Amino acid sequence: MVGPTELLNTVWIGIIYMIIAIPLTLSYRVTRIINFVHINFITIGAYVGVILFLQGVNSLLLLLPASFLFGAAIAVLNHFIAFSPLEKRGANPVILMIASLGLWIFYKYMIYAILDLGQKVFRTNLFSVIPRATSLPSVSLGNYVLSGHFFAALLVAGVIITILYILLSKTAIGRAIRAVADNPILAEISGIPRERVVSITWALCGGMAAIGGLLWAVFAIATPEVGDALILQIFAVSVIGGLESLLWTGIGAFIISGAENILMSILNATLGVPVSFRPFISFSALLLIILAKPPLGAGGGLPYRFKVGLERFKR
Amino acid sequence: MTLGFDVLGFLISWITLFGTYAIISMSLNLEIGFTGMADFGKVAFYGIGAYLAATITAIIFLVVNGIKCPLHSVEAIVALKKCASKNPLLNIGTFVLCLFVTFFVTGGIGYLISYPTLRVGPAFLGITVLSFGELLRIFMRHFEPTGGTKGLAGIPHPLAWISNPRLRDGIYALVILAIMLLTYLVSERIANSPFGRIMRTVRDDEIASLCLGKHVPRIKASVFFLASGFAGIAGVLLAYYLGSVNPDMFVPAVTFNVWAMVIFGGMGNNKGAIVGSAVITFVDRISFVVNLLFPEAIISPDYIRWMIIGVLILVTLLFKPQGLVPESPMKSPALKIISDELEGDNGA
Amino acid sequence: MAEGSKLGNTQKLVAILFLGLLIGLGAGYALFSGGQLSAGPVESPQPALAEEKVYKIGFTIPLSGELSSVGKLWEKAIYMAVDDLNEEIKAYGLNVRFELVVLDDKTKEEDALKNIQSLNQLGIKVVIGPAASSQVKAVMNYADSNKMVIISPSSTAPTLAIPGDFVFRNTGSDALQAKALASLVSHEGFKNVVVFHRDDEYGRAFADFFKKEFSAIGGKAESMPYATGLSDYASEVAGLSSKVQELGADAVVLISFDTDGANILSHAKDDPVLSNTRWFSSEGIHGASELLQPEMAKFLIKIKFLGTRPVFRENPLYKEFAERFKSETGDYPPVFTDKVYDAVFLAGWSILRAGEYDGEAIKKALPLVAERYYGVSGWCILDENGDRLMQDYAIWGIAQSGTAYEFKDIGSWSAGALTMEAGD
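Analysis parameters
- Residues numbered from 1 in each chain as written.
- Chains lettered and ligands numbered in written order.
- Predicted model: local features only at pLDDT ≥ 70, side-chain atom pairs only at ≥ 80, totals over all residues.
- Helix = DSSP H or I, 4+ residues; strand = E, 2+ residues; numbered from the N terminus.
- Rg over C-alpha atoms; globule rule 2.2 N^0.38 Å.
- Buried ≥ 20, exposed ≤ 12 C-beta atoms within 10 Å, placed from the backbone.
- Contact = placed C-beta atoms within 7 Å.
- Pairing = 2+ DSSP bridges.
- Axes fitted to C-alpha atoms, helices over the stretch in contact; angles between N-to-C directions.
- pLDDT = per-residue confidence, 0-100.
- Core = buried A, V, L, I, M, F, W, Y, C linked by C-beta atoms within 7 Å.
- Domains from an automatic or database assignment.
- Parallel < 35°, antiparallel > 145°, perpendicular 65-115°, else oblique.
- Left-handed = near helix turned anticlockwise from the far one by under 90°.
- Nonpolar A, V, L, I, M, F, W, Y, C, P; charged D, E, K, R; others polar.
- Expected span 1.5 Å × (residues − 1).

Colleague: What is the right way to look at the overall build of chain B in this model?
Modeller: Assigned secondary structure in chain B consists of 14 helices and two strands. By the compact-globule yardstick of 20 Å for 348 residues, chain B fits well, its C-alpha radius of gyration being 22 Å. C-alpha extents for chain B along the principal axes are approximately 65 × 50 × 45 Å. Counting only residues that meet the buried cut, chain B has 54% of its 348 residues in that class. If you take every contact in chain B between residues at least 6 apart in sequence, the share linking residues at least 24 apart comes to 79%.

Colleague: Can you help me understand the overall build of chain A in this one?
Modeller: Across its full length, chain A holds twelve helices and two strands. Along chain A, from the amino end to the carboxyl end, the secondary structure elements read α-α-α-α-β-β-α-α-α-α-α-α-α-α. Projecting the C-alpha coordinates of chain A onto the three principal axes gives extents of approximately 70 × 55 × 35 Å. For chain A, with 315 residues in total, the buried portion stands at 56%.

Colleague: What should I look at first to understand the sheet that holds strand 6 (residues 192-198) of chain C in this one?
Modeller: Sheet strands associate in pairs through backbone hydrogen bonding, adopting either a parallel or an antiparallel arrangement. Residues and elements named next belong to chain C. Strand order across the open sheet formed by eight strands is 7-6-8-9-10-13-14-15, with mixed pairing between neighbours. Lying at the two open borders of the sheet, with one neighbouring strand each, are strand 7 (220-226) and strand 15 (417-420). The sheet shows a mean angle of 25 degrees between the axes of neighbouring strands, direction not considered. By the bridge criterion, seven bridges tie strand 6 to strand 7 in an arrangement that is parallel. Directly across from arginine 198, in strand 7, lies its bridge partner tyrosine 226. Its contacts with the sheet place helix 7 (residues 234-247) against strand 6, strand 7 and strand 8 (251-255), and it is angled at close to 160 degrees to strand 6.

Colleague: In this structure, what is going on with the confidence of the model for chain B? I would like to understand it.
Modeller: Where the model shows low pLDDT, its predicted coordinates should not be examined in detail. For chain B, per-residue confidence averages 88 on the pLDDT scale, and 97% of positions sit at 70 or higher. Confidence metrics for the complex model read pTM 0.87 and ipTM 0.87.

Colleague: Sorry if this is basic, but what is going on with the nonpolar core here?
Modeller: Judged by nonpolar contacts, the single largest core of 354 residues is most densely connected at Ile19(A), Phe210(C), Val252(C), Val253(C) and Val344(C). For this core, the element with the most residues is helix 9 (residues 216-242) of chain B, which contributes 17 residues. Here this core spans two domains, and each of domain 1 (53-172 + 319-379) and domain 2 (174-309 + 393-420) of chain C adds at least three residues to it. When residues no more than four places from it in sequence are discounted, the contact partners of Phe210(C) are Ala178(C), Leu181(C), Ala182(C), Val195(C), Ala221(C) and Val253(C).

Colleague: Whenever I open this one, the sheet that holds strand 5 (residues 167-169) of chain C confuses me. Can you help?
Modeller: All names here are of chain C. Sheet architecture is open: five strands sit in the order 2-1-3-4-5, paired in parallel fashion. Each having just a single partner strand, strand 2 (96-104) and strand 5 make up the two edges of the open sheet. Averaged over all pairs of adjacent strands, the angle between strand axes in this sheet comes to 25 degrees, irrespective of strand direction. Direction of pairing for strand 1 (residues 53-61) relative to strand 2: parallel, over a ladder of nine bridges. Residue pairing across strands places isoleucine 57 opposite leucine 100, the latter belonging to strand 2. The strands touched by helix 11 (residues 337-354) within the sheet are strand 1, strand 2, strand 3 (126-128) and strand 4 (149-152), with strand 3 carrying the most contacts at an inclination of about 175 degrees.

Colleague: Just to check I follow, could you spell out unusual backbone geometry for this structure?
Modeller: Leaving glycine out, the prevailing phi sign among residues is negative, and the prevailing peptide bond configuration is trans. Between Gly129(C) and Pro130(C) the backbone carries a cis peptide bond, its omega angle lying at -15 degrees. By secondary structure assignment, the location of Pro130(C) is in the loop between strand 3 and helix 4 (133-146). Positioned with a positive phi, Arg32(A) is a non-glycine residue whose angle comes to about 60 degrees. At Lys147(C), a residue that is not glycine, the phi angle is positive and equals roughly 55 degrees. On the secondary structure map, Lys147(C) appears in the loop between helix 4 and strand 4. Here Lys147(C) falls in the partly exposed class, since 16 other C-beta atoms lie within 10 Å of it.

Colleague: Looking at this structure, how should I read the packing of helix 2 (residues 42-64) of chain B against helix 4 (residues 88-120) of chain B?
Modeller: All names here are of chain B. The N-to-C vectors of helix 2 and helix 4 enclose an angle of 140 degrees; their axes lie 9 Å apart at closest approach. Viewed along their axes, helix 2 and helix 4 adopt a mutual orientation that is oblique. Between helix 2 and helix 4 lies a crossing of right-handed hand. For the pair formed by helix 2 and helix 4, the contact residues are Phe45, Ile48, Gly49, Leu52, Ala53, Ile56, Thr57, Ile60 and Val64 on the first element and Leu90, Thr94, Cys98, Val101, Thr102, Val105, Thr106, Ile109 and Gly110 on the second. When grouped by side-chain class, the residues that make up the contact of helix 2 with helix 4 number twelve nonpolar, six polar and no charged.

Colleague: Can you walk me through the interface of chain B and chain A in this structure?
Modeller: As a measure of interface size, the accessible area lost when the parts come together is often cited. Contact with chain B, which involves 40 residues of that partner, is made by 44 residues of chain A. At the level of secondary structure, the elements contributing two or more residues to the side of chain B that touches chain A comprise helix 4, helix 5 (125-142), helix 8 (206-211), helix 10 (252-265) and helix 13 (301-319) of chain B. No other element matches helix 13 of chain B, which puts ten residues into the side of chain B that touches chain A. Among the residues making up the side of chain B that touches chain A, the classes are represented as 31 nonpolar, six polar and three charged.

Colleague: How should I be thinking about helix 10 of chain B in this particular structure?
Modeller: Think of an α-helix as turning once every 3.6 residues; residues three or four places apart then point the same way. Residues and elements named next belong to chain B. Relative to the 20 Å expected for 14 residues at 1.5 Å per residue, helix 10 spans 20 Å between its end C-alpha atoms, a close match to the ideal helical length. Summarising burial for helix 10: eleven of the 14 residues are buried, a large majority. Considered for burial, the residues of helix 10 that qualify are Pro252, Val254, Thr255, Val258, Trp259, Ala260, Met261, Val262, Ile263, Phe264 and Gly265. The positive-phi residue at the C-terminal boundary of helix 10 is glycine 266, with phi of around 115 degrees.

Colleague: Looking at this structure, how should I read the environment of Tyr51(B)?
Modeller: Residue and element names in this part refer to chain B. Assignment of secondary structure puts tyrosine 51 in helix 2. We classify tyrosine 51 as buried; it has 27 C-beta atoms within 10 Å. Residues tyrosine 51 and threonine 102 lie 51 residues apart in sequence; the distance between their C-alpha atoms is 9.5 Å.

What follows is the structure in structure tokens.
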């Protein structure tokens, strides 16, 4: 049944989903691109942490900014070498999605190549590592140990959400980001430098996703496939937020995480559903939510109650 | 060409792959290119088609030869191997039967799936179908009668009675090309018909077409039916080609591969889908040459190979932001009259 | 549609550089290798010596994807093996050299088939790999039709035990290992266990065999499958914890690969119930470097983590190979590395014994070579299905050595008899 372990798991998994999904929603809102390189942000964040950890950097306080910087740098690089030139040539968002697919393939295998070299340098298998970095002490509650990195994750999540909230709602740059997200043409007319705003958004999103990847490595494991394995869940979380609302993305993170842990545990204990059904539960939760409460309204805002309306009209 | 490289074999294996992916690409193009439906779940119908073909073939062969054992067991695999080449008519008959049954079954499933996707709206159609696909895949992993995670193996090839493997593979490649051509003709006919025009209006401005009284939900459902049917047929071809099916072969990554082919080749026209799938499958097959260039490098040559492919996709898109083959105007009778007139003027 | 703007100068330069790189590679290849794409006996460009025959062996291994951590280390063993093989051949006085072509199959079925086809088109008729049973199933038909000998070093699915085909597997069936593991668990005094296994063919088959063997010796085993390919298993471990409590089981048997196993154990470490039960394991997690990190290693020693693995521990060849591998790469040889190493030798000697580079002849020669070959993985004799006939198992655990930790073999299981060292 539902015990403290399930609750704890829901919390940390939900936090990391939230940290990775919010930048996905934000970058989609501002640029309308379904960005495949988001997968690589996660993996890059994880492995920057791993490599520094192997060099002896044991404190999360130092690893977090490092991951953030790398993630942000790659995101901005993408913008300049791929998305910006393509947009200038009149490519529609679908083409940009495929361009990001090409970049994803490139980065994925570049990471493999770097890890291959790293294996020769560090003489240890880098394809599967758990860097238990920490900066806060653990606390024991009876039989359960709340490890230091758990508190660190809570702290990091709190800080990130606060900073993001203040940034987006109180500062000028935040208003600029929201303006570009809602109506790019109007924003540009009213003098907002769209290019710069988009670059800043990319930097934020890439960095945040990288932090999520680092936390994932510390809590779970770092493999070159870590981004690919997570991305479907992250997409599910963003879709619950309708790819629009950051608040609902955050809530969606905990819904999916809760479904995977708590709901799965209940089903397993009462109905004997094997735990190998866990991905089934996540997607069922997603489908139930978007079918019951479509994020953009029923029919995506379009008057699809066609037959019913027609019948009413005939009557 | 006496390079010691089997060029004919390469061409045959490439054409088989290209044909199968071209069919799925054209079906995806019907959805996104003509009707503007961003479907991220194509692999689900591909998988349903493959599983249907594998199951029906295995059942028919085992029943005809009077063998009673679970489809996925060793005995079944060995028995299927033995009776694969005895009765040519049975092989070909099963193949044709599977094609027909699969088209209608997967088409029907596609039609049904269009209902929930209407509820969420066009923006979330992709993720909805993808979720259904994943649900189905995880279900199949646990579904024992078709082998669960083991899947089915030893599926008798429709041409297994031809003993020369080169001839068999070659003829199969030609069969796939024929089916691809058929798909192309059907898709072109649909695209250049009044129904095609309605599809394009749904893509360009859905609200306007609703205002003009077009029954958009029914149009979308019909397109889904056709496209899913074609994807199912491609699945049948795959099942016979590999000779085995397994739920983990049908993951979302395959869908995104097909998306790359459609976008790369150019949305909104069937030639583009074919060109896109040809180029991407060709590059995929020929890229192992990189492995031969860097035999004992510091890093595995496979990594370099895929990095190059990623860069190629990006660079090509930079040069051709609309895809390789841009969309051409619809070939309606009106267009024909006008272009004849114009040519007549120029000629005269 | 918007008119595309002209290419900026920087972009043009970048694009030209990339195209130039590709063209340069192609031209360089064409100029310097001069059509050496062929396999089979080729005259080497030194006519002064007698003709040196060059044979190529193909490999399709997972260098990316789920099994990449294992495949990457296999790659190193493969290069070691080919060098050793060439040295040995020279020592015998034969003027023959083996070369290899390694392709990555991303742990996917379709890619395994594509790789086999590419290798066939290069004229290569002997291929070592693929790793997973599902991949072997996808390449079976093609290999049989095109007469290519496939030697898989790690596929253990019982549904592939098919006689007379071109697929050989030089690793022992898990049916035997399950027996070894069952006798180990029972020897340690446990009668009520939960089998926590991968939900794929390997895990399910192993769990089924284990349950059968374990109940034959009077125990009770409950199986609990977990989905494969996920990024983290905390939720599954929580479920396992509840199940162990519910059934009052006193031990857990883990059937996993290295990455998922390490993740599972790291979560089990923090779970109050699971950190006080005994854990047993199959060979999948042996060699994983995560287990040797101090926290994890201490935990594993505390719960007396024991496992079986298909290795004949008294084999001096294996000991030497493991030492050498560790000193060259810094890592333990992961599972089946010894089988990969031996497969290279089996392939090489079969080609020589067949006398010609022909698939049918090599297929006939391979069982004859294998039955006389004793390598780092022990006696390689094959049964009538082309799979390894005899396999001994070692019992392993984690031990402390100085300030670090290591994997240690502390017992063995052979032909039904279990022997453990004193003190554990």
